[in-house]
Amino acid sequence: MVLLHVLFEHAVGYALLALKEVEEISLLLPQVEECVLNLGKFHNIVRLVAFCPFSSSQVALENANAVSEGVVHEDLRLLLETHLPPKKKKVLLGVGDPKIGAAIQEELGYNCQTGGVIAEILRGVRLHFHNLVKGLTDLSACKAQLGLGHSYSRAKVKFNVNRVDNMIIQSISLLDQLDKDINTFSMRVREWYGYHFPELVKIINDNATYCRLAQFIGNRKELNEEKLEKLEELTMDAAKAKAILDASRSSMGMDISAIDLINIESFSSRVVSLSEYRQSLHTYLRSKMSQVAPSLSALIGEAVGARLIAHAGSLTNLAKYPASTVQILGAEKALFRALKTRGNTPKYGLIFHSTFIGRAAAKNKGRISRYLANKCSIASRIDCFSEVPTSVFGEKLREQVEERLSFYETGEIPRKNLDVMKEAMVQAEEAAAEITRKLEKQEKKRLKKEKKRLAAIALASSENSSALEECEETSERPKKKKKQKPQEALQENGMEDPSVSFSKPKKKKSFSKEELVSSDLEETAGTGSLPKRKKSFPKEETVTDPDESENKTVPKKKRKLSKEEPLSSGPEEAAASKSSGSKKKKKLRKLSQES
C-alpha cells in the first residue's frame, strides 16, 4: 500500500493533503477524474492534513520566489517534517513543479512525483480549496492571489526610469521632423527676403544664420558702418560682414514696405527659435543616449545609435537582432526588391550615416559595414544587459573599427579581440566601481539633506508650539492685570472699590436729611481720630450752616473710603460693608433720640 500526500502552494499558504491508500497510484486516476467537479465525492478521496498560512504578504512573496527558483523555504521544510510520516520510504509526495520536487527529494529524502494523477488532484484542490480550508472564502482567496501576483511581477520586472528608451525614440523622431521643417521654413525666408536683398543668399549658406541676419538687417538701406560689429558677431566672420555691407549698398533688390518687413522679421524669429530648440533637443538626446546606451553611442554616435533603437522599436529588440539584420536595418525595401528581382542585396542601411563607411574606400565599404554591424550588435547587448552601463566597451570597440579601417588601407595587423576585451573588462570594473562610489555619495548627501529638512521641520513645529504657548500666557496675563490695576489705582488715590462705593449709596437712599447731616458730621469727626466727640456737636450748627453741610455731602461721593480702610474683595468685603452700615444706623438712631 502506498500513502500519497499532495503539496499545494497557494497565495495564502501551504496545504498538505492526503489521499486514500491504494495499491497503485494509477488506479486513482479514473476516480479522481469522475469526482473532481463534485465536492462531496472529492472529499471522500482527498482530506486536508495540514495548512500553514503565511503571516504577511512579504513572507508570501519570499515563498513564491523560493518555489519558482526551486528552493525549499524554511516554512515548507517545517510543514513537511512536522506532518509527513517518519517512514520516508512508504510516503509518496505529489508536487506540481518538478523543480521544487527535485529539491525536496534531495534535501528531505521524500519521493516526489509530478504529472498524471497528481495534476488532476491539484486541479480539484485548486477548484475546491476555499471549501477545504475553514475560514477561507473564495473572495479572500482571489484577493490574495491578485496581490501576490502583482508583487511577484513587480519584483521580477526590474524597471529603471533612467534607462527608458521610449524618450530616445520620440526625441530622434522629433529631431528629424524639426530638420525637415527648419529647412522648409528657411527656404521660404530666403525666397521672401530675397526680393529685397538677393545678394545675401550667395554670401550666407547656413539657414539659421540667414534668418538671424534677415531679422537683424530689415531694410538694407538702413545698414551702415555702425552695425558692422553686430554683423561680425552674427556671421562669425569679418570678411562676410564686410561683404554684406558692400552688397547692401549696391543691391539690385526691390524696395519693400514696412508691413512686409514686419512679417518677414516675425517669421524669421520663429525659424530662429525652432533652430535653437533643435540644438537643445540634440543636447537632451545626447544625455539620454549616454544614460541608456553609452557603448552604442560611443561606437557609432548618438544620432545613428538613436535611429537604430527607434527603427528596432527598443534597445532590447536591437540587442536580439543578429549582426546581419543590424547591417541592413533601414534598407528593407531595397532588400526585398533585390530578392524579388534577384539583384544585388544592399550592403548597409542606417549605419551608412556613420563616419566609418564614408571614410572607407569603395571596394571596402561592404567589409567595413559588416564589421561595424557586428560591433554594434555587441555594444547594444552590453548596454541592454549590463547593470552599470559604461562607455568603456564602446570606446574599445571603436578603436577596433579604426584599426580594421587602417588595416584595409595600409595592411597594419589589428589587435586580437580577446586582448582588447580583457583590457575593456578591467577598465569597465574600475569605471563601475567609480560610478557606484559616486552614487553612494549622492545617496549619502540626499539622506543628510533629508535629515536636515526633517530636523528643521521638527524645530519649526516646536518653535510654533512654544510661540503659541507664550501667546496664550501673554493673553492670560493682561486679564489679571486689568483686574488688579483699578484696585491698585484706588489704593494709591485713597479711594474705595467701585463695587463697595456703589453698594453704600443704595442703602443710604432712604435716609432723611437730618440723618445725612449727622453722618457727615460723624465722618468729619472720624478724620480727626476722635469718634466719640461726634455726639457733642450741636444740632444748630448743622442746621444753621446748610451750605457747609451741602458742601460736605458733595465730596462724600468722591471720598468713599479713607486711607485707613483697607481694600477687600469677595465675601469679606461684603461682610465688612454690612457691619459698617449697621454701626452707622445704630449711631444715627442714638443721635435722633438725643435730639
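An unreviewed UniProt entry lists the protein chain under the name Nucleolar protein 56, with Muntiacus reevesi given as the organism. UniProt, in its Subcellular location (unreviewed entry) section for the protein chain, records the words "Nucleus, Nucleolus". You can read under Sequence similarities (unreviewed entry) in the UniProt record for the protein chain the words "Belongs to the NOP5/NOP56 family."

Account for the overall build of the protein chain, with residues named and values stated.
Each helix and strand in the protein chain was counted, giving 27 helices and five strands. In the protein chain, which comprises 595 residues, the share counted as buried stands at 35%. Long-range contacts, defined as pairs at least 24 residues apart, comprise 66% of the intrachain contacts of the protein chain with a sequence gap of at least 6. Only carbon and sulfur atoms are counted for the fraction: they give 54% of the accessible area of the protein chain, which is about 37000 Å².

Which residues make up the UniProt feature "coiled-coil region" (unreviewed entry) in the protein chain, and what values go with them?
Those places that UniProt annotates as "coiled-coil region" (unreviewed entry) correspond, in this numbering, to residues 214–244 and 418–457. Between the end C-alpha atoms of residues 214–244 the distance is 11 Å, and the span holds 61% helix and 0% strand.

Which residues make up the side chain of Ser 354, and what values do they have?
Topologically, Ser 354 is positioned in the loop between helix H18 (332–341) and helix H19 (355–359). On the accessibility criterion, Ser 354 (5% relative accessible area) is buried. Within the local environment of Ser 354, its side chain forms a polar contact with the backbone oxygen of Ile 351, the two atoms lying 2.7 Å apart.

Hey, could you go over the sheet that holds strand S2 (residues 13–19) for me, with residue numbers and the actual values?
Strand order in the open sheet made by the five strands is S3-S2-S1-S4-S5, with mixed pairing throughout. Looking at strand neighbours, the two that pair on one side only are strand S3 (46–53) and strand S5 (111–113), the edges of this open sheet. On average, adjacent strands in this sheet sit at an angle of 25 degrees to one another, irrespective of strand direction. Pairing of strand S1 (residues 3–9) with S2 involves five bridges; the strand directions are antiparallel. Within S2, the residue paired with Leu 7 across the bridge is Leu 16. Across the face of the sheet, helix H6 (residues 117–132) comes into contact with S1, S2, S3, strand S4 (91–94) and S5 while running at roughly 60 degrees to S1.

Would you mind going over H6 in detail, with residue names and values included?
Helix length check: H6 (16 residues) gives 19 Å between terminal C-alpha atoms against 22 Å at 1.5 Å per residue, more than 12% under. The largest bend in H6 comes to about 50 degrees, at Arg 126.

Explain the packing of aromatic side chains to me, using residue names and the numbers behind them.
Given two aromatic rings, their pairing is described by the distance between the two centres and the angle made by the two planes. Across all of its chains, the model carries eight aromatic pairs by this definition. Ring geometry for Phe 407 against Tyr 408: centres 5.9 Å apart, planes inclined by 45 degrees, an arrangement best described as tilted. One aromatic cluster is present, built from ring pairs that chain together Phe 8, Phe 51 and Phe 129. Over the ring of Tyr 210 we find Arg 190; its NZ or CZ atom is 4.8 Å from the centre of that ring. Sitting over the face of the ring of Phe 216, Lys 227 holds its NZ or CZ atom 5.9 Å from the ring centroid.

Describe the nonpolar core, with residues and values.
Considering soluble globular proteins, one finds that nonpolar side chains tend to be buried as a cluster. Judged by nonpolar contacts, the single largest core of 45 residues is most densely connected at Leu 296, Leu 299, Ile 300, Ile 309, Leu 318 and Leu 372. Considering every element that reaches this core, the biggest residue donor is helix H20 (residues 365–385), with seven residues. Setting aside its immediate chain neighbours within four residues, Leu 372 contacts Leu 299, Ile 300, Ile 351, Ser 354, Phe 356, Ile 357 and Val 401. Formed by 25 residues, the second largest nonpolar core is a distinct cluster that contains Ala 11, Leu 79, Ile 100 and Leu 108.

Lay out helix H11 (residues 228–235) with the relevant residues and their values.
Because an α-helix packs 3.6 residues into every turn, residues spaced three or four apart end up facing the same way. Taken residue by residue, H11 has Leu 228, Leu 231 and Thr 235 as its buried positions. Taken end-on, H11 shows its buried residues confined to a sector of 55 degrees, consistent with a single buried face. Directly beyond the C-terminal end of H11, a positive phi value near 60 degrees is found at Met 236.

Residues and numbers for a positive patch on the surface, please.
On the surface, Lys 438, Lys 441, Lys 444, Lys 445, Lys 448, Lys 449, Lys 451 and Lys 452 cluster together into a patch of positive charge. On the secondary structure map, Lys 445 appears in helix H22 (residues 417–493).

Outline a nonpolar patch on the surface, listing residues and values.
A surface patch of nonpolar side chains, amounting to about 350 Å² of accessible area, comprises Trp 192, Tyr 195 and Met 254. The topology assignment puts Tyr 195 in the loop between helix H8 (166–194) and helix H9 (199–203).

Any chance you could break down the pattern of salt bridges for me, citing the residues and the numbers?
Summed over the entire model, instances satisfying the criterion amount to 20 salt bridges. The salt bridge partner of Asp 179 is Arg 278, with a shortest N-O separation of 2.7 Å. Here Arg 278 lies in helix H13 (residues 258–292) and Asp 179 lies in helix H8, a separation of 99 residues in the sequence. Take Asp 179: its relative accessible area is 24%, and that puts it in the partly exposed class.

Can you tell me about the environment of Gly 116, naming the residues and giving the values?
Among the secondary structure elements, Gly 116 is positioned in the loop between S5 and H6. Taking the C-alpha atoms as reference, Gly 116 lies 7.7 Å from Leu 29; in sequence the two are 87 residues apart.

I'd like a description of the environment of Ala 243, backed by residues and values.
Looking at the secondary structure, you find Ala 243 in helix H12 (residues 238–249). Sequence separation of Ala 243 and Ile 203 is 40 residues, and the distance between their C-alpha atoms is 7.6 Å.

Explain the environment of Glu 107 to me, using residue names and the numbers behind them.
Inspection of the secondary structure puts Glu 107 in helix H5 (residues 98–107). Filtering out sequence-adjacent residues up to four positions away, Glu 107 remains in contact with Val 72 and Arg 77. Among the polar contacts listed, one links the side chain of Glu 107 to the side chain of Arg 77, at a separation of 2.6 Å.

Which residues make up the pairing of S2, and what values do they have?
Within S2, seven of the seven residues are buried, which leaves the element mostly enclosed by the surrounding structure. Between S1 and S2, which pair antiparallel and follow one another directly, the connecting turn spans three residues. The pairing of S2 with S3 spans seven bridges and is antiparallel. Across the sheet, residue Ala 15 finds its bridge partner in S3, namely Phe 51.

Thresholds, definitions, all that
Residues numbered from 1 in each chain as written. Predicted model: local features only at pLDDT ≥ 70, side-chain atom pairs only at ≥ 80, totals over all residues. Heavy atoms only, no water. UniProt positions renumbered as here; feature names shortened; annotations may be inferred. Helix = DSSP H or I, 4+ residues; strand = E, 2+ residues; numbered from the N terminus. Buried < 20%, exposed > 50% of the residue type's maximum accessible area, 1.4 Å probe, protein only. Contact = heavy atoms within 4.5 Å. Areas by Shrake-Rupley, 256 points an atom, 1.4 Å probe, with all protein chains shown as cover. Polar contact = N/O pair within 3.5 Å; in protein donor to acceptor, adjacent residues only side chain to side chain. Pairing = 2+ DSSP bridges. Axes fitted to C-alpha atoms, helices over the stretch in contact; angles between N-to-C directions. Expected span 1.5 Å × (residues − 1). Bend = angle between axes of the 7 residues up to and from the residue. Phe/Tyr/Trp six-rings, centres within 6.5 Å; stacked < 30°, edge-to-face > 60°. Lys NZ or Arg CZ within 6 Å of the ring centre and 35° of its normal. Core = buried A, V, L, I, M, F, W, Y, C linked by side-chain atoms within 4.5 Å. Arc of directions from axis to C-beta. Patch = residues over 30% accessible without salt bridge, like charges linked within 9 Å, V, L, I, M, F, W, Y side chains within 5 Å. Salt bridge = Lys/Arg side-chain N within 4 Å of Asp/Glu carboxyl O. Lys, Arg positive; Asp, Glu negative; His and termini not counted. Charge placed at Lys NZ, Arg CZ, Asp CG, Glu CD.

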